Amino acid sequence: MDIVHKIGRRKTAVARIYLSEGKGNITVNKKDYKSYFTTGTLQYKVQQPLMLTENLESYDIKVNVYGGGVTGQAEAIRLAITRALVSINEDHRAVLKPEGLLTRDPRMVERKKFGQKKARKKFQFSKR
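A few points on the structure. Just so you know, these numbers come straight off a predicted model, no measurement behind them. (Residues numbered from 1 in each chain as written. Predicted model: local features only at pLDDT ≥ 70, side-chain atom pairs only at ≥ 80, totals over all residues. Heavy atoms only, no water.)

1. A short note on the sheet that holds strand β4 (residues 31-32)
Turning to step 1, where the next piece is worked out: One open sheet holds the five strands; their spatial order is β1-β2-β5-β3-β4, and the pairing between them is mixed. If you trace the sheet from one side to the other, it starts and ends with β1 (4-10) and β4, each paired once.
Turning to step 2, where the next piece is worked out: Along the sheet, helix α3 (residues 70-88) contacts β1, β2 (13-21), β3 (26-28) and β5 (59-66); its crossing angle with β1, the most-contacted strand, is approximately 145°. (Pairing = 2+ DSSP bridges. Helix = DSSP H or I, 4+ residues; strand = E, 2+ residues; numbered from the N terminus. Contact = heavy atoms within 4.5 Å. Axes fitted to C-alpha atoms, helices over the stretch in contact; angles between N-to-C directions.)

Here you go:
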């Protein structure tokens with residue numbers, strides 16, 4: 001098996017992953033993923049597709065991720081890993097699809113409007 005390259009996105013974060021056979025090492029921006037994502041929740045999000053398909057120690061994953069915050073980056077990586085696993089073995093789709101891992105979350109930040117305080121919030125009206 002050669003290297004599988006996939007892209008995952010979430011909000012403004014973009015993750016490019018390179019998945020190859022190995023011992024289960026996950027490297028994010030040339031760091032171990034446990035030092036890059038310090039909280040257990042984010043580490044779980046990155047591992048989730050591998051755990052569901054029982055491939056935690058089957059593949060080495062190299063990730064380049066930029067943009068957004070840490071949560072958006074973790075979810076972008078999760079989507080990319082899911083897409084790579086499905087491209088390797090179509091049977092994984094039956095496990096990952098019901099968990100909602102194949103869906104690209106389309107929600108983005110709404111832009112601030114002119115003449116308003118924020119996207120929806122208005123300036124306070126004063127009657128003086």
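Back to the text.
2. What about a nonpolar patch on the surface?
Turning to step 1, where the next piece is worked out: Residues Y44, M51 and L56 make up a contiguous nonpolar surface patch of about 250 Å² in total accessible area.
Turning to step 2, where the next piece is worked out: Within the secondary structure, Y44 sits in helix α2 (residues 40-52).
Turning to step 3, where the next piece is worked out: A relative accessible area of 41% means that Y44 is categorised as partly exposed. (Patch = residues over 30% accessible without salt bridge, like charges linked within 9 Å, V, L, I, M, F, W, Y side chains within 5 Å. Areas by Shrake-Rupley, 256 points an atom, 1.4 Å probe, with all protein chains shown as cover. Salt bridge = Lys/Arg side-chain N within 4 Å of Asp/Glu carboxyl O. Buried < 20%, exposed > 50% of the residue type's maximum accessible area, 1.4 Å probe, protein only.)

3. Re the side chain of H92
Turning to step 1, where the next piece is worked out: Structurally, H92 can be placed in the loop between α3 and α4 (93-96).
Turning to step 2, where the next piece is worked out: For H92, the side chain forms a polar contact with the side chain of N55, separated by 3.4 Å.
Turning to step 3, where the next piece is worked out: In contact with H92, other than residues within four places in its own chain, are T53, N55 and L85. (Polar contact = N/O pair within 3.5 Å; in protein donor to acceptor, adjacent residues only side chain to side chain.)

4. Description of the nonpolar core
Turning to step 1, where the next piece is worked out: Residues I17, V28, V46, I61, V63, I77 and I81 are the most contacted members of the largest nonpolar core, which totals 27 residues.
Turning to step 2, where the next piece is worked out: Contributions of two or more residues to this core are made by β2, β3, α2, β5 and α3.
Turning to step 3, where the next piece is worked out: Looking at this core, the element that brings in the most residues is α3, giving eight residues.
Turning to step 4, where the next piece is worked out: Setting aside its immediate chain neighbours within four residues, I61 contacts I17, Y18, L19, N25, I26, T27, L50 and I81. (Core = buried A, V, L, I, M, F, W, Y, C linked by side-chain atoms within 4.5 Å.)

So yeah, pure geometry; function would need other evidence.
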